[in-house]
Each structure stands twice: as C-alpha cells, then as structure tokens.
Amino acid sequence: MFKEVSSQFTFAEKEKQILEFWRENDIFQKSMEIYKDAPPFVFLEGPPFANAPPGVHHVLARIMKDAVCRYKTMTGHYVHRKAGWDTHGLPVEYQVEKQLNITNKAELEAYGVQNFIEKCKENVFQYEQDWRQMTERIGFWVNLDEAYITLSNDYIESVWWVLRQAWDKDLLYQGHKVQPYCYRCGTTLASHEVALGYQEVADPSIFVRFPLKNKENTYLLVWTTTPWTLPSNVAVAVGEDYDYVAVEEGDGRHLILAKECVPGLFGDEPPQIVENYKGEDLCDWEYEPLFDGGQHPEMSHYIVSGDFVTTTEGSGLVHIAPAFGQDDYEIGQKHGLPLVQLVGPDGRFVPEVKDVWAGEYVKDADPKIIENLDGRGLLFKAAEYTHQYPFCWRCDTPLLYYARESWFIRTTAIRDQMHQHNQQINWYPEHIKDGRFGNWLENNIDWGLSRERYWGTPLPVWVCDDCGDPHCVGSIAELKELGTDVPDDIELHRPYVDDVVLDCEKCGGTMHRVQDVIDCWFDSGCAHTAQWHYPFENKEMLEQAYPADFISEAIDQTRGWFYSLLATGTLLYDKPAYKNCLCLELIMGPDGQKMSKSRGNTVDPWTILNGQGADAMRWYMFTATTPWTPRAFKTEGIDEALKKFMGTLQNVYSFFVMYANLEQVDVLQDAPPVSERATVDRWILSRLHTLIDRVRDEMENYHLTNAPRAIEAFVDDLSNWYVRRSRDRFWGAEAGPDKHAAYATLYEVLVTVTKLAAPFVPFLADELYRNLVCSLNTEAPLSVHLAEYPVADVPLKDAQLEADMDFTREVISMGHAARNRSGIKTRQPLAEITLGGLSDAEKATVNRLADLIHDELNVKAIAFTENLDAFAQVTLKPNFKVLGPKYGKGVQAIAKAFASADAVALKAELEAAGSLQVEASGETYTLEPSEVDVQTQNREGFFVEADARKFVALSTELTHELTLEGLAREFVNKIQNMRKEADFNVSDRIKLSLDTTSSLVDEAFQVHQDYILRETLTTVVVDTPGENAFTVAQKLNGEPATLSVEQV
RNA sequence: GGGCUUAUAGCUCAGACGGUUAGAGCGCGCGCCUGAUAAGCGCGAGGUCCCUGGUUCGAUUCCAGGUAGGCCCA
C-alpha cells in the first residue's frame, strides 16, 4: 500500500518535512559516501561574501551548481562539495569604516589597526546565518561545516606559498604604475573596481599657451582637462605625422597647433597661417616651464612624439605629466623625463609648492590655477567638458590617476599559456571563450596585486632597512625561522605580521614587511590550492582535485574569479584550473531593469521560498530561460512552474496512488512484458526512454535548461495523453493483464521521471520517490538522491511508434477543431470522419492507431478520400526547395503561373499524366509530382479542418441509432452529476428511477440500459422514487426527463 | 568610445543548413469535461520575426550599417 496522498498541502510545507528527513538521515553525507570510491567529479565552489544577505541571483548560482552536482552524483561520481567564504578586501573595510564613522586612514590608525581588524572579522560573517538558512532551504547541498575561509591562517599560508612560487619564478615584482587612486581611501583601485564607478561629469577644459624658448612671441597651444596636473608638466607630445601650423593670433602672438584643430578652435574666422610644420619637425623644441620650481636635474620641458596624440579633440598638442597618466608615465620612461609628483597621497598639493594652491585638494586648485594662467596671459580658452570619469565605487570620490609604488604579478609572461589553457575550457555559453574572456586575455597587463590597506592577506615581502634586499616568505615555518620572537600562534594578518622583523641574510640588517595587503581576488583565485591548505596538507587531494571539472558563477566574474583562477593555476601548475565553466547572466527586476534597492525592484527570495517553495523557484529558474540570458525575474513565472509542471506531476502521482490503493493492485507483480502491453503503454515507455537519453545528453553538455524543459514536455504528454487515454483501464476494468499493464507502466514511468527530475526539484522528487518506491521496497535506497540516474533501455525506444502517435494526435486535434466548428458536442457519437491528403504510410498509421481516433473523436468509422476538392479548397504551389536550385529565376515564373491556374484541373492533369507541363515566361517546364505541393484550406460551409496538406471532415448526419446512443451518454452524464450533487460516495450503488414523456428518451433508456446502469453503478431501477431520493427534472438533448437517485 | 551579447504573438521563450501557411506555454475569447477537482481538456483570435541596405530566383534566417536593452572594458 502507498501512503494516501492528501490534497490538503502546500509544497513549501512538504519541503520542510523533506529537509527534516534529509537532516535526520544524513542523506547528503550518504550521497557522497556511497560513491567514495567512484570516479570523482570535481566541483569548485566560488566563495561568496557573507557580509550582505543573499539575493535571488545567489539562489540562481547555487541551484545551477546543485543540479550539476546532484546529476553527477546520481550518475555514479564522487562529488565532494566543500563550501567557501570570501572574507578579505575593501568592501569589508568600507562597511566597518561606515559603522565606526571613520573617513580616512589617519582616523583608522588612531582607532587602532588591531581593533579595526577585529571588527572586520566580525563584519565578514554578519550574514552567515542568512546564507546558511537560504542555502539549506533551496536545497543546495554543500558542506558549510568544512568551508574554506580566506581569512584563516591555513588559507593565507597557502596563498603565501603561491606568492612565493611566483617570486621564485621572478613573476612577482615591485614597480611604479600610474593607477586609479582614491585619496580618501588611500588606495589604488583594481580595474574592475574602477569600472564600477564611471559617472558623467563636467570638468574644466582649458587651452594654455606654453611659451617657446628661443622663439619670441610663439606659443604651443596645449589642451588639458586636468589643470591641477599642469604644475607637474615636464613635456608636450605631438603626433609625428600630423600637420601643424603657426597661426597669427591678432596681437602679434603666434600659436602652434595641429592644422586639423584650427576650425574647431577658431570657428568662422580662420586665422592667418604663418608657418607649416610636420609633427616631427617640432620634436625637441624647448619651452619655458609654466610655473616656478619647474627645473630638474633631468632634461625636461621639450616636445616629444607620442602615438596616442589625436586631433579629434583638443589642439593636437598633449601635456605630459608622468605622475598622472599611463601614457604620460610610459613616455616619461622612454625619454628619461623626471617624475614630478607635486600631489601627496592625500590628494592635496604638497607644502613644497610655493603657489597659492599649496595644500589644496587638487580639484579645488583647478580654478586657482586657471586664474593664475589667465592673469599671466597664458590662458587661451576655458570651457567645460562633459565626459565619463571614474569615481571611487565605495565613497564616490573622483579618482586620480596617480603613480604609486606597487607590486605586480607578471601575468604578461604567462599570457600565451593562459591563452592555450583557455582553449581547453568548455565555456557555456561558448562565445565567452574567444569573446569576452579571450579578448581580455589578449589585452592582458600585469596584475596590480598590492593594496595599501589593512584587511587582507598581507603581502609576505620583507625588505631590509639597511641593504634594501627584499625577501618573500612562503610559509609560517619560514617566518618563524627567519624572524625573531615570532609568537607560536602568529595570526597572519596586520598588524600582527607587521610586528615581525626578519634578519637579513645578506647583510644581517633588520627587515620590515612591506605594508601592503594583496588584492582579495588573488585570495579567491587560489581556492583550487588554498582550500586544501596545500602544500602543507592534503597533497594527494590536490592531485585528485585539480583541475576542477566544473565551476559556475555570474558573468561579471570573467575578469574576476574566472581570470584569477586561470592565472594562478597557470602560474603554479601550467594547466587550466577548470574544465567546464557555466557563466550565468544577471537577474533583472520584474521590469527588466537591473535589480537594485534604489529602484525598488528587488525580490526577496524568502517571500518565494515561504510561499511557492524552493522547487517552484528552482524549476522556474531552470526552465524559464537559459542561465546565460539576462532574465526579468517574474513571480508569475514561478506560479506557472508550480501549476504547469509540479501540479501536473503531483496530479498524475496522486491519481496513481489513489487507484492503486483502491484497486489493491500489486504493481510489482503480474505485469505483462512490455511487448504484450497496450499501444499507449509501449508509446509512453518509448517516450520515456527517449527522454532519458535526451536528458542525459543535455546534462552532459551543461544545458540545464533543455533537460528540464524536455521533462516538462514529457510530463505534459504523460498527463494529457497517456493518463487521459488510459483512465478507464485504471478503475473500471476487470482485473487482468491489461489492467496490470496499465499500472505497471504508469508506475515505471512515475518512478523514472522522479529520478530524472531529482536534480532539479529535489524535494518533490524525494516526496514521490519515497512513497512510490520505499513504501513497497524496504531494500531500496532511502532517498531518490541515493538512487541511480535512469539509463535508457534502448529496445524500448520505438521511434516509429512515437512518430505515429504524433501524427495521430495531429489528426485528432484537427478532428476536435472540426467538431468545435460543427457545434456537435463530443458526447454525441458520429458515424464517420473522412481524411484526405494522406500518404499511404500515413493511412497505415491511422489504421494502426484507429482505436484512439474512434475513442477520442467519438466516431464509428474512419474513411479516406483522394477527392480533396470535394471537401477543401485546393491550391497548387511549386516546391520551392526542390525547384529553386533547379531552375533559379524560373521558380518565380512558375509560381506566378500556378497562382493564376485552376488548381483542380492542374491536379487532375498531374494525376492523369504523372507530370505537369507549365508555361511560364515563354518557357515550358515539366514538373514531377514531387516538385509540386498540393495544399488545402478550409472551405466555407463544411465541417472540415484543413492544414497545409491534409484535412479531416466530419459526417454530421445522425441516424436513429446514433441519436439513441447520444442520449445514453447524456443519461450517464446527468446521473453522474446528480451523484456528485447528492454527495454520494464514488463507490455507492444506487437506485434509479426515470419519468419521461419523451418516447425517444424512453427508447434510449431501454436500448442502452445495460450501459447506463453499469456506468452509474445502478443496481436497481424503480418506477417510483423513494422518499429520500434526490430528484431533478433534466433535459436530455432537449428532451424532458425527470431522474431520481438514491443510495441502496 | 571599444568588445561581447540580445531583439520572433500582450508576456516568457522555442525555431528555421535561406524555400513562400513561423511554433509552445501563460494571458485573452469561445466551448467541453466533471470518478485526477487548490483540477483537467479542446478550439480560436493574436506576428512588418527591431530598422535600413546588400547577397540571392527567394531573407525573419546570411552579410553590412543603424536603433534599443544587457554585461564587460576605456
């Protein structure tokens, strides 16, 4: 016996019970243990931050990972599922600063680095409980209790080891780089951080006269949008190949600028050109520094050539300040120009500057500098310039491009290897490989690793105070060996490691650590190694678990985690870090706009989890769209998943359980072999095994949308065709082979579908499985997640039968349409349908499945006709696909000829002669039958449904017999309704009485009495109804009849 | 500004090696069923396949250029 299936439940409640069951029985642990010795499938979890509550996009990522892992487990793999937490980095510091009301580094230092670090540790797990609850509730099986945590000593030690490997390979170096810098945060920003903060702003746009040396009254016209960098100017760049001119300004002064820029700057009154130059002519010309203090030991203030110079904006002369621009810095290196840095790390002019803007914040200095230049007659023009400018994504401070000392990983040295490894990765969707990710690798620059911050993995580089020799420490053991008085339980964070001093091996001097911490992307990028505390522990583990088979994160990780994993993996092992990468797109709000609090279009996952439940949310996310398409998240979509798929499956399941219990059928016994079962049985089993192959194929290719969509289509067929066509086999029928076949078939199908769907809807699947399987077999695995994924039984697949069924259903659908048009209800039997336009093979198909058509359309006979014209409107069209390649242009002429010809006559000619002569554009074409398409269309006034090439026509004439039979069906229908209204039980036997003045009704009742009594469980027919009888005056097809029913 | 990507019915999505009647679900309308009932079924109406140009006998499909959305980068 199966457990009764109540109709009083919510999926969400059931899910909670299943969760309880999983917990109590350690199902997750068991699902790993049973495959302990099986081939591993390596999943690597991308660590999230737990300092904010999880959102729907996290749910998306987690269920995708979960479905793959569950599938791989069920197909016989050991899938270790270690969770991870990302913990370091600026976002955490920023939150803590806000909480403590700290706005700059000085305040932070005053508060105390140690205190600050401790606060960061708390902050980082602020929402861990939320994450745990969400993770469990959505059914994401991952082991949170053995999570790797990037702030742990073990993890950091492994990262240090990785850095040491880079150091030993000369891939870790210190350099200068102009970097986007936030003076408020006191740190440079990584490129992906910069990208977060572009805003449109208006900056000053000024054209300045630079006085030339040795050329009276002649000036270079130089453009800049950052006046504050002018005091640090050391050169001016021109384009070698551009044309430059000196123009007369009107007051005797001459201005040199690019020829192409003249119209833009002088407009309608073109100045007089007094001289022409090529860019290269101007090189090495010297000019006067704009401000005092502009003298340097190195040669400076002359014209150089730069390939970045354009004439589309500005003047074709570019001001060079190597400390404040990447191009500037590079050209400075090339020419040995001095690095003039008149701005401090606090974003203010250094006190050494003698001008009024000393100590000023640079953007505030802009107007003063402009005023100064204007006062000296050096300002040619000042305006505003609107452009995209980066701001600090945390504090909204405009970033400065600023040369800082910085540490780098020389990724450019391994670019080719990274490219090769990328080629070996399967990307989903595929275009990421050579598109977004490939492009990014091609344009790779060295990884700016260091951050001048506090909360992160400390850069393990110590530098000697005396001789300046640097050393990179690769382990705690080494630290203790080289350091003096290193505490036994040293914590590898600032400020603790800052206190450790080493003895210099070169000169015996004292070494202090470089103050920087590292980019937290490097932390998570080491996950493949550091999660195992490799190489200090788990040596054999790494060999097994590298590279990962599968990772999945959102697409914004292309330049984040996807990259950092690949870079570190290439650096360490010269192998790709992962084999398959599923890139998820972002989730938009219901309005299709990016989800954000400020827009108010966020969706709280808990509302859904507590309402429709986790499975519904999962199913929606899997099936609504491919995960790599940005999706608008709609709760109506979840309702649809709930009704369409889960509701349907649940209904079939409860239908099965209800009758299996009622009829006491032993589904495991007495089932005839499949070959002896009914056609519908063989059909649904064939469909099932085709489905198994399909789902496996899709899953092997990480098509997590196609697989469940195929399951959904199957369940629809199961419910709306198999069960619908087989209903009476389950309850009315005598016990016997056919009844057993029906039960056995539906049982097999349900159990198999349950397993197929388990990776996607783990709760519902287990609910069904445990009742269907575990109720009968105590030896069976406790949970569907411990069961094996179905394997197709190839001999059960019957492609012909499936195609036949598709065709038959198409015919039936057209028959329904014709009936609808006729207005004759399905309950009324009709004598015949006529089918036209069918091939011989199709006729054979119809004959094979004729029973289905008879039943479904309630017709007595099926006839075929070749006389299409008698029922439908016939047209002839050339078969373009065949004729196109053959006749080219002629096709259009033939089409025209067909359009104006008499289709019926042409068709007759074609049939009589076996071919067709067509005159078109003066030529005669001979067409074979295969080159002509006969098409049909509905014709008015017939109960006919035609599609492009066939039709179904209905005979609507009713004989006396058919009328009586229709009435009999009416009887049954009305009586059944009355039973229900009177609240009788399904199995109650009744007394029936009939009172009618219609001889037709009376005759129908007499002729079909057996049928009527059987269908309505009537045991006694009485002349006069009893006192308690339930009596209704009915109309049966318009004929009066008063019916009474009463329980026996 | 550059790269990648998307654009098909009111909504969410399929699809077509280029072939002349482009599909599904939801929603809507009409009807059916009532022994699967927080149901179920059938039918119908909905489309300039984003725009413009090109290639072709034929383009919604291929190519180019736009427009709009998304992501990434400057």
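Residues numbered from 1 in each chain as written. Chains lettered and ligands numbered in written order. Predicted model: local features only at pLDDT ≥ 70, side-chain atom pairs only at ≥ 80, totals over all residues. Heavy atoms only, no water.

Student: It is not clear to me how the nonpolar core should be interpreted in this structure. Could you clarify?
Tutor: For soluble globular proteins, the rule of thumb is that nonpolar side chains tend to be buried together. Met 621, Phe 633, Phe 656, Ile 711, Tyr 722, Leu 746 and Leu 772 are the most contacted members of the largest nonpolar core, which has 140 residues in total. Examining the composition of this core, we find that 13 residues originate from one element, helix H23 (residues 635-663), more than from any other. When near neighbours in sequence (up to four residues on either side) are disregarded, Leu 772 contacts Phe 2, Tyr 653, Phe 656, Val 657, Tyr 747, Leu 750, Val 751 and Thr 754. (Core = buried A, V, L, I, M, F, W, Y, C linked by side-chain atoms within 4.5 Å. Buried < 20%, exposed > 50% of the residue type's maximum accessible area, 1.4 Å probe, protein only. Helix = DSSP H or I, 4+ residues; strand = E, 2+ residues; numbered from the N terminus. Contact = heavy atoms within 4.5 Å.)

Student: Mind showing me how you'd approach the packing of aromatic side chains here?
Tutor: Remark: the centre distance and the inter-plane angle together describe each pair of aromatic rings, the angle taken between the planes. Using the criterion set out here, one finds 49 aromatic pairs in the structure. Measuring from ring centre to ring centre gives 4.9 Å for Tyr 181 and Tyr 402, while their planes differ by 20°; the resulting arrangement is stacked. Of this pair, Tyr 181 sits in strand S3 (residues 172-182) while Tyr 402 sits in strand S14 (residues 400-409), and the two are 221 residues apart along the sequence. In terms of burial, Tyr 181 and Tyr 402 fall into one category: buried. Between Trp 427 and Phe 437, the aromatic rings sit 4.8 Å apart at their centres with planes inclined by 45°, giving tilted as the arrangement. Here Phe 437 lies in helix H15 (residues 431-442) and Trp 427 lies in strand S15 (residues 426-428), a separation of 10 residues in the sequence. For Trp 427, a relative accessible area of 2% corresponds to the buried category. The exposure class of Phe 437 is buried, given its relative accessible area of 0%. Taken together, the ring pairs connect Phe 2, Phe 655, Phe 656, Tyr 659, Phe 730, Tyr 743 and Tyr 747 into an aromatic cluster. Positioned above the aromatic ring of Phe 9 is the side chain of Lys 14, whose terminal nitrogen or guanidinium carbon lies 5.1 Å from the ring centre. Here the basic side chain of Arg 137 rests over the ring of Phe 763, its NZ or CZ set 5.9 Å away from the ring centre. (Phe/Tyr/Trp six-rings, centres within 6.5 Å; stacked < 30°, edge-to-face > 60°. Lys NZ or Arg CZ within 6 Å of the ring centre and 35° of its normal.)

Student: Help me understand the protein's contact with RNA strand B, please; the structure alone is not making it clear to me.
Tutor: By nearness alone, 57 residues border RNA strand B, and Arg 436, Asn 720, Ser 813, Arg 827 and Asn 973 come closest of all. Ser 719 has a polar backbone atom sitting 2.9 Å from a base nitrogen of RNA strand B. One of the side-chain nitrogen or oxygen atoms of Lys 980 is found 3.4 Å away from a sugar or linking oxygen of RNA strand B. With 7 residues, helix H25 (residues 706-731) is the largest single contributor of residues to the surface near RNA strand B. Taken together, the residues of the surface near RNA strand B break down into 19 nonpolar, 22 polar and 16 charged. (Near = heavy atom within 4 Å. Polar contact = N/O pair within 3.5 Å; in protein donor to acceptor, adjacent residues only side chain to side chain. Nonpolar A, V, L, I, M, F, W, Y, C, P; charged D, E, K, R; others polar.)

Student: For this particular structure, what's the right way to read the sheet that holds strand S23 (residues 548-554)?
Tutor: Strand pairing in a sheet is mediated by backbone hydrogen bonds. Such pairs are either parallel or antiparallel. Taken in spatial order, the 3 strands of this open sheet run S15-S24-S23, and their pairing is parallel. The sheet is open, and its two borders are formed by S15 and S23, each paired with just one other strand. Neighbouring strand axes in the sheet, compared pairwise and without regard to direction, differ in orientation by 15° on average. Direction of pairing for S23 relative to strand S24 (residues 578-584): parallel, over a ladder of 6 bridges. Bridge pairing in S24 places Ser 552 opposite Leu 582. (Pairing = 2+ DSSP bridges. Axes fitted to C-alpha atoms, helices over the stretch in contact; angles between N-to-C directions.)

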